[in-house]
Structure formats: structure tokens, C-alpha cells
Amino acid sequence: MPSQHAKVLILGSGPAGWTAAIYAARANLEPTVLHGPARGGQLMLTTEVENYPGFEHGIMGPKLMELFEAQAVRFGTKVVQAWATEVDLGKRPFTVKTLTDGDFTCDTLIVATGAEARWLNLPNETRIRDAGGGVSACATCDGAFFKNKELVVVGGGDTAMEEANFLTRYASKVTVVHRRDKLRASKIMADRAQANPKIAFVWDSEVVDVLDTNGNKRIRAVVLENYKTKARTEFACGGLFVAIGHKPNTELFTGKLDLDAKGYLVTQGKTTYTNVPGVFACGDVQDSVYRQAVTAAGTGCMAAIDAERWLEAHAHG
Ligand code: NDP
């Protein structure tokens with residue numbers, strides 16, 4: 001299969017990837033977006049998005065991604081569904097090998113492969129989450145849907161503390177379930193959560209099941225198992241927030257681009273430049289802090305502008 005060439009190749013189809021495509025396409029760079037089976041990224045797993053500016057009454061996550069894609073395509077973005085298996089960033093043009101569509105070469109590469117929340121991987125967790133039935137991994141995105149509910153947060157790190165604190169704005173009570181008797185979170189975050197009168201803690205316990213009523217896909221309780229005694233109890237709640245960390249999708253780039261200690265791509269200063277000239281990174285794959293659709297879109301715009309200027313500066317080799 002002959003290789004296909006793009007001036008700008010974008011890996012990933014979340015808010016960062018599509019925004020990079022919109023900007024690159026409008027700059028007449030004819031970008032190609034390569035995406036895997038999870039077209040649209042993490043927003044495809046959310047229901048209503050209320051905090052994306054410009055949508056006064058909110059918009060469904062998948063619909064928002066459909067609009068991003070349509071806008072990118074309107075300006076001439078080529079979209080290919082193909083799983084990238086390997087990248088060669090050692091020489092230009094760069095090469096991206098795919099499972100089904102051969103090799104893609106490019107003058108600049110924009111990495112927008114995103115991150116994934118870690119889940120507990122319980123069958124009912126997935127079933128109820130996918131139905132929008134009260135299982136989430138993002139308090140900022142979904143917290144407002146849980147007014148006056150009793151909620152459970154799983155995890156003992158900074159994310160869990162931050163989520164629990166944030167959720168007390170809406171919830172009547174938040175119970176943090178942690179598998180040990182000591183928090184991993186930084187002292188300041190742990191102290192803040194422990195001082196919050198709306199937050200309770202259940203120690204040495206894991207969530208081993210998520211329950212609904214007669215298969216209606218609305219959470220009514222979680223099943224807790226005490227790690228030491230193995231005793232199981234049903235714990236009634238109106239929502240479950242899983243906060244056991246995120247995993248950036250950087251496997252392709254291990255040993256090829258600089259990663260930080262948490263596995264996120266490192267970008268330079270206030271730019272989207274990686275350590276390889278001509279390779280740019282945007283969105284959650286390089287952001288362990290903000291992780292919002294709007295911030296991902298913002299850095300996608302930056303990556304396209306960085307790529308455009310880089311191409312201009314290197315037009316003659
Ligand atoms: P962490 O890896 O720090 O913590 C994950 C937590 O989830 C741990 O308490 C861990 O338990 C628990 N956990 C992991 N797997 C499971 C499982 N299968 N079942 C039950 N519990 C599980 O991730 P975070 O997302 O909390 O933080 C990531 C990084 O981001 C950290 O460096 C953190 O400091 C930073 N961060 C900073 C913030 C801030 O400063 N505002 C806000 C949020 C994150 P155990 O402790 O037993 O390993």
C-alpha cells in the first residue's frame with residue numbers, strides 16, 4: 001500500500017484534535033486526522049456538557065464532537081479511521097504506521113491522543129456509566145447533576161479529595177471509599193477533605209459492585225467489601241465518582257518523546273512543542289491538571305498555529 005502524505009497529521013479526534021484540524025485546515029494545510037475506534041474521545045462517554053462555552057442550555061458530549069468534526073471537515077480535513085501502531089520520529093518526514101491503512105508520512109505531527117480515566121472495571125459500573133445512570137469520573141463535568149444526592153467517591157489521591165470537595169457543593173453527603181487506611185493525597189488536600197463536614201470516609205474498603213433497580217441503569221447503591229474482614233455491605237447512594245487516576249495515551253511515544261513522571265507528554269514553556277522539532281502535543285495527553293474540553297480545544301488551536309509557523313520557518317528543508 002503506498003504511503004499517504006500530509007503536511008499536518010493529527011493523531012486523535014477529541015476536542016484538541018478537531019480544533020487543531022479546524023485551524024490547520026483554515027490555514028490551507030489540508031490536515032489529516034487519524035483516529036482509532038474511540039472517535040471523539042472522552043466526551044463520547046459523557047452525557048450532557050453544561051460548561052462548554054457557547055451552549056447556553058448545554059449539549060450532549062457526542063453531539064459536541066460531531067459538530068467539531070463537521071466543522072473540521074467543512075474546511076477540508078481528511079479523516080481516516082486507522083489504528084496507529086508505530087511512529088518513526090527519527091527522520092523527516094515522520095512516519096506513522098497503521099494496522100489497516102498502511103503508512104502515513106507527515107511534515108508535522110500533532111499528538112492529541114488524550115487520556116483515559118481509570119475505571120474499576122466492574123460489569124455494572126460500565127453498563128450504568130454508559131447509560132448515563134450516575135457513574136462518572138469527572139465531578140467538574142457531572143457534579144451539577146447530583147444536587148442533594150448522597151454520593152460515593154472512590155480513591156485516596158489528590159483527585160479523589162478534589163472531586164469529593166467539589167461535589168459537596170451539590171451533594172447532601174459525600175463518602176470517600178479508600179482501599180487503605182491512609183490517604184495518598186497531599187496533606188493540604190487530605191486535611192481540607194477531612195475538615196469538610198459533608199465528607200465521610202470508609203477505610204480499608206473497595207467498591208466491588210454497582211447496583212441499580214431491576215436493571216433500570218440508575219445507580220441505587222454500591223457494594224463495599226472490607227479489605228481486612230472481607231465482609232460485604234450494601235451502601236445506598238445516588239452517584240458514584242471513580243477517582244483512581246488517569247492514564248495518558250502515550251504508549252506509542254515511549255522512548256521517542258519526553259514524558260513526565262506520570263507518563264504525560266512534556267511540552268515546552270507556553271507552547272505545544274515537544275522535544276522533537278515538528279512534533280506538537282495538545283489536549284489531555286500533555287495536561288494532567290486541567291483536563292477540560294475547552295482547555296483541550298485551546299491547546300489544539302495552539303498546536304495548529306505552532307505547526308503552521310514551524311512549517312513556514314522550515315519551508316525550504
Ligand atoms: P493517584 O495515583 O495519586 O491516586 C490514585 C488513588 O486511587 C490512590 O489512592 C489509589 O490507592 C487509588 N486506586 C488506584 N487503583 C484503585 C483501584 N483499582 N481500586 C481502588 N482504589 C484505587 O492519582 P490521582 O488522580 O489522585 O493524582 C494523579 C496526580 O495528579 C498526582 O500526582 C496528584 O498529586 C496530581 N493531582 C494534583 C491535584 C492538585 O494539586 N490540585 C489535583 C489532582 C491530581 P492507593 O493509595 O492504595 O494506591
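Residues numbered from 1 in each chain as written. Predicted model: local features only at pLDDT ≥ 70, side-chain atom pairs only at ≥ 80, totals over all residues. Heavy atoms only, no water.

> How should I be thinking about the state of the cysteines in this particular structure?
Here a disulfide denotes one covalent bond, and it connects the sulfur atoms of two cysteines. As enumerated under the stated definition, the model contains 1 disulfide in all. The disulfide partner of Cys138 is Cys141, and the S-S distance across this bridge is 2.1 Å. With the S-S bond torsion at 75°, the cross-link from Cys138 to Cys141 turns out right-handed. Cys138 gets classed as buried once you look at its relative accessible area, which sits at 16%. Look at Cys141 and you get partly exposed, because its relative accessible area is 23%. Of the cysteine sulfurs around Cys237, a residue in no disulfide, the closest is that of Cys138, at 18 Å. Looking at Cys301, it has no disulfide partner, and the nearest cysteine sulfur is the one in Cys282, 9.9 Å off. The buried category is assigned to Cys301, whose relative accessible area is 16%. (Disulfide = S-S within 2.5 Å. Buried < 20%, exposed > 50% of the residue type's maximum accessible area, 1.4 Å probe, protein only.)

> Explanation requested: the environment of Glu48 in the structure shown.
In this structure, Glu48 sits in strand 3 (residues 48–49). A relative accessible area of 25% means that Glu48 is categorised as partly exposed. Spatially, the C-alpha atoms of Glu48 and Pro62 are 8.9 Å apart, while their sequence positions differ by 14 residues. Ignoring any residue separated from it by four or fewer positions in sequence, one finds Glu48 in contact with His57, Gly58, Ile59, Met60, Cys141, Asp142 and Phe145. (Helix = DSSP H or I, 4+ residues; strand = E, 2+ residues; numbered from the N terminus. Contact = heavy atoms within 4.5 Å.)

> How do you make sense of the site of the ligand when you look at a structure like this?
Of all residues adjacent to the ligand, which total 15 residues, the nearest are Asp158, Thr159, Arg179, Arg180 and Arg184. Measuring from an oxygen atom of the ligand, one finds a side-chain N or O atom of Arg179 at 2.9 Å. Isolated, the ligand exposes 910 Å² of accessible area, and the fraction of that covered by the protein chains is 69%. It is helix 5 (residues 158–167) that contributes the most residues to the shell around the ligand, 3 residues altogether. When grouped by side-chain class, the residues that make up the shell around the ligand number 3 nonpolar, 6 polar and 6 charged. (Near = heavy atom within 4 Å. Polar contact = N/O pair within 3.5 Å; in protein donor to acceptor, adjacent residues only side chain to side chain. Areas by Shrake-Rupley, 256 points an atom, 1.4 Å probe, with all protein chains shown as cover. Nonpolar A, V, L, I, M, F, W, Y, C, P; charged D, E, K, R; others polar.)

> Honestly, the packing of helix 5 against helix 6 (residues 187–195) in this entry has me stumped. Any pointers?
Axes are the key here: two packed helices are described by the angle between their axes and the distance separating the axes. Where helix 5 meets helix 6, the axes come as close as 9 Å, and the angle between the chain directions of the two elements is 35°. Seen along the crossing, helix 5 lies across helix 6 with a hand that is left-handed. Residue-level inspection shows Asp158, Met161, Glu162 and Asn165 of helix 5 in contact with helix 6, the latter providing Met189, Ala190, Arg192 and Ala193. Partitioning the contact of helix 5 with helix 6 into residue classes produces 4 nonpolar, 1 polar and 3 charged. (Axes fitted to C-alpha atoms, helices over the stretch in contact; angles between N-to-C directions. Left-handed = near helix turned anticlockwise from the far one by under 90°.)

> So what exactly am I meant to see when it comes to the domain arrangement of the protein here?
How large an interface is tends to be reported as the accessible area lost when its parts come together. According to the domain assignment, the protein contains domain 1 (4–116 + 246–313) and domain 2 (119–242). Between the C-alpha centres of domain 1 and domain 2 the distance comes to 31 Å. Listed per partner, the contact involves 8 residues of domain 1 and 10 residues of domain 2. Regarding the contact of domain 1 and domain 2, the summed buried area is about 710 Å², with carbon and sulfur atoms giving 51% of it. The tally of links between domain 1 and domain 2 comes to 0 salt bridges. Our enumeration of links across domain 1 and domain 2 arrives at 0 residue pairs in polar contact (both at pLDDT 80 or more). Of the residues that constitute the side of domain 1 that touches domain 2, the class distribution is 1 nonpolar, 4 polar and 3 charged. (Domains from an automatic or database assignment. Buried area = accessible area lost by both parts, 1.4 Å probe. Salt bridge = Lys/Arg side-chain N within 4 Å of Asp/Glu carboxyl O.)

> When you look at the pattern of salt bridges in this model, what are you seeing that I'm missing?
Close approach of charged atoms allows side chains of opposite charge to pair. Considering all chains together, one arrives at 13 salt bridges under this definition. Across the salt bridge formed by Lys91 and Asp88, the nearest N and O atoms sit 3.1 Å from each other. Since its relative accessible area comes to 51%, Lys91 is described here as exposed. On the basis of relative accessibility, which here comes to 30%, the residue Asp88 falls in the partly exposed class. Taking the shortest distance from any N to any O, the salt bridge between Arg127 and Asp212 comes out at 3.0 Å.

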